[in-house]
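What follows is the residue order along each chain.
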Amino acid sequence: MSEAAINAAPPLATAAGRDSIFAGHPKGLGPLFFTELWERFSYYGMRAILILYMTSTAAQGGLGFDVKQASSIYGWYTMSVYLTALPGGLIADYITGTRLAVLIGGIIIACGHFTMVFHSLTTFYLGMALIAIGTGMLKPNISAMVGKLYKPGDPRRDSGFSIFYMGINIGALLAPLAVGYLAKGESFKGFLSSMGMDPAKSWHWGFGAAGVGMILGLVVYLWNREKLATVGSKIKSRSQLQANEPADDETVQPALTRDDWKRIGAIFIFFVFTILFWGAYEQKGASLNLFADRLVDTTLFGWKFPAPYLQSLTPLFVIMLTPIVTIIWLRLKERQPSSPVKFTLGMLFIGLAYVLMIPAAMLTAQGRVSFWWLVGLYFLEVCGEMCLSPVGLSTVTKLSPPKLVGFMMGIWFLASAVGSKLAGYLSGFFVSDNSWQLVKLYGGIAAGLLLATVLLALLTPTIKRLMGRVA
Ligand code: GLN
């Protein structure tokens, strides 16, 4: 599809046209919700089995890497996925527009997953590289498009992002179940054998399913393109504007003001703390996935479920808690905590989550521990995530100068990138036969997070000053 076609605005793409309803929100939220749902399905599905595939032996169909090497690759990979958001955001701001960038990104991601259907080191690395490049084009820009659905000051913006975040998490919930089953489910392996296929190749069925998810996302996106009206079309340059077209609020590109710089400063402080948050949070696909696989008893009512299934708990909790959190924020109205306070709460919750891992780690000395420890950890972690992640997305779209929203979203995801690398580094300290080492790993993470919570609380008045009226 040409740029002109994807950017083409249907007649009368006015603010009123955009305001038709999707759950009380602009109708463009619908396609963005479903496209991102499927993109995240592909991402989290692949990631749910990634470290297990790397650390499985060749006889099990895996790559036979040790924990250090696999954790390090996990860190590099998840870092790259979010790092590319920066050039991805810039390309959209200056060249393609967010709308076309999302399409190109989705196509590249799907190619990446399908590359991993083949078992070789070359296809393994190539697949991950393609997913990283594609995600960089898609993720910041689809988030920026959500922000563009709302005019400045529209009170529905935060709740719009919560709904969008729910879409993300529906994808993230379904993916480990589907992909985890294909990769590690005993009955699926039995089915492959009965069909005369190699059950050790089950991993690649998982990677393929992730690719199918992304294709569904692209279908939804293209199918509904007229609902997006002009949202995310290429921003016109000043000379083009002066030539013949009337300016609207999305196409004018004024220079950055002093207030813009202050707000960028506020984003920067959030950025630093957010790195620590994701460094802990992203253990989920790394050391905690190994913890679940090797040290947790995954038997429920006599049925032993695949360890990656536990990765679905986080999104499940997000989906359960989103309506509650939305109601709390709505009830509190003006008494609602400011974004820096919400961020501080986010850090506190995730710090408490890791405190829970200290006794869990100690108990591994006596054999496999109950999976309820991880249920508790993921629940507290999600309480933190709800205060930080959707609020962060929304705050970035509120605080960024309009011409830089793709780029600033890239900065937001840069924190995820650095945090994910940190997560991979920390995960390298995971061992399955030394409970004291695990206590040090998870206790250390808890201590770092609680310290950061105190620091952020102390910085809150400064951040509020920088944010001005937007806080
Ligand atoms: N879970 C969210 C998502 O997948 C946040 C990820 C992140 O920013 N690290 O979009």
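This section reports on the structure supplied with the text. It should be emphasised that the depicted structure is a prediction, and the values quoted were computed from it without experimental measurement.

### Things to note about the overall build of the chain
No. 1: When helices and strands are tallied, the chain shows 18 helices and 6 strands.
No. 2: Within the chain, buried positions represent 57% of all 471 residues.
No. 3: Expressed as a percentage of contacts within the chain between residues at least 6 apart in sequence, the contacts between residues at least 24 apart total 81%.
No. 4: Put simply, the chain shows about 18,700 Å² of open surface, and 69% of that area lies on carbon and sulfur atoms.

### Considering the pattern of salt bridges
No. 1: If you walk through the whole model with that rule in mind, you get 8 salt bridges.
No. 2: With a shortest N-O distance of 3.8 Å, Arg40 and Glu36 are connected by a salt bridge. Of the two residues, Arg40 and Glu36 are both situated in helix α3 (residues 29-55); the distance of 4 residues between them amounts to about one turn of the helix.
No. 3: Taking the relative accessible area as the measure of exposure, Arg40 reaches 1% and is therefore buried.
No. 4: Where Asp293 meets Lys184, a salt bridge forms, and the shortest distance between an N and an O atom there is 3.6 Å. Here Lys184 lies in helix α8 (residues 157-184) and Asp293 lies in helix α13 (residues 287-295), a separation of 109 residues in the sequence.

### Overview of a nonpolar patch on the surface
No. 1: On the surface, Phe114, Val212, Ile215, Leu216, Val219 and Trp223 cluster together into a nonpolar patch covering about 580 Å² of accessible area.
No. 2: Examining the composition of the nonpolar patch, we find that 5 residues originate from one element, helix α10 (residues 202-223), more than from any other.
No. 3: Note that Leu216 resides in helix α10.

### Looking at the packing of aromatic side chains
No. 1: Evaluated as defined, the whole model comprises 28 aromatic pairs.
No. 2: A ring pair is formed by Phe161 and Phe164, whose centres lie 6.3 Å apart and whose planes are at 90°; its orientation type is edge-to-face. Here Phe164 and Phe161 lie together in helix α8, a separation of 3 residues that amounts to about one turn. Comparing Phe161 with Phe164, the two get one shared label, buried.
No. 3: On the numbers, 5.7 Å between centres and 20° between planes, the contact of Phe277 with Tyr281 is stacked. With Phe277 and Tyr281 both in helix α12 (residues 258-281) and 4 residues apart, the pair spans about one turn of that helix.
No. 4: The ring centre of Phe429 lies 4.9 Å from the NZ or CZ of Lys68, which sits over that ring.
No. 5: Lying across the ring of Trp76, Lys421 places its NZ or CZ 4.4 Å from the centre.

### Describing the site of the ligand
No. 1: Near the ligand you find Arg40, Tyr44, Tyr82, Lys139, Tyr165, Ile168, Trp278, Glu282, Glu385, Ser389, Phe413 and Ser416, and these make up its full shell.
No. 2: Between an oxygen atom of the ligand and a side-chain N or O atom of Arg40, the distance comes to 2.8 Å.
No. 3: One nitrogen or oxygen atom from the side chain of Tyr165 is found 3.4 Å from a nitrogen atom belonging to the ligand.
No. 4: In isolation the ligand exposes 290 Å². Once the protein is present, 98% of that is buried.
No. 5: Taken together, the elements giving at least two residues each to the shell around the ligand come down to α3, α8, α16 (372-399) and α17 (405-427).
No. 6: Per-class residue counts for the shell around the ligand are 6 nonpolar, 2 polar and 4 charged.

### Considering the nonpolar core
General note: in soluble globular proteins, nonpolar side chains tend to be found buried as a group.
No. 1: Among the nonpolar cores identified, the biggest contains 133 residues, and Met54, Phe124, Phe291, Tyr354, Leu374 and Tyr442 are the most heavily contacted of them.
No. 2: Residues within four places of Leu374 in sequence aside, it is in contact with Leu288, Phe291, Ala292, Val296, Leu310 and Met357.

### Overview of helix α5 (residues 85-96)
No. 1: Here α5 is 12 residues long, yet its end C-alpha atoms lie only 14 Å apart, well below the 16 Å a rise of 1.5 Å per residue gives.
No. 2: Within the span of α5, buried status applies to Ala85, Leu86, Gly88, Gly89, Ala92, Asp93 and Thr96.
No. 3: Positive phi shows up at Gly97, right after α5, with a value of about 85°.

### Here's the deal with the state of the cysteines
No. 1: In the structure shown here, the tally under the stated rule is 0 disulfides.
No. 2: With no disulfide of its own, Cys387 lies closest to Cys383 among cysteine sulfurs, the gap being 7.4 Å.
No. 3: Overall, the relative accessible area of 7% leaves Cys387 in the buried class.

Thresholds applied
- Residues numbered from 1 in each chain as written.
- Predicted model: local features only at pLDDT ≥ 70, side-chain atom pairs only at ≥ 80, totals over all residues.
- Heavy atoms only, no water.
- Helix = DSSP H or I, 4+ residues; strand = E, 2+ residues; numbered from the N terminus.
- Buried < 20%, exposed > 50% of the residue type's maximum accessible area, 1.4 Å probe, protein only.
- Contact = heavy atoms within 4.5 Å.
- Areas by Shrake-Rupley, 256 points an atom, 1.4 Å probe, with all protein chains shown as cover.
- Salt bridge = Lys/Arg side-chain N within 4 Å of Asp/Glu carboxyl O.
- Patch = residues over 30% accessible without salt bridge, like charges linked within 9 Å, V, L, I, M, F, W, Y side chains within 5 Å.
- Phe/Tyr/Trp six-rings, centres within 6.5 Å; stacked < 30°, edge-to-face > 60°.
- Lys NZ or Arg CZ within 6 Å of the ring centre and 35° of its normal.
- Near = heavy atom within 4 Å.
- Polar contact = N/O pair within 3.5 Å; in protein donor to acceptor, adjacent residues only side chain to side chain.
- Nonpolar A, V, L, I, M, F, W, Y, C, P; charged D, E, K, R; others polar.
- Core = buried A, V, L, I, M, F, W, Y, C linked by side-chain atoms within 4.5 Å.
- Expected span 1.5 Å × (residues − 1).
- Disulfide = S-S within 2.5 Å.

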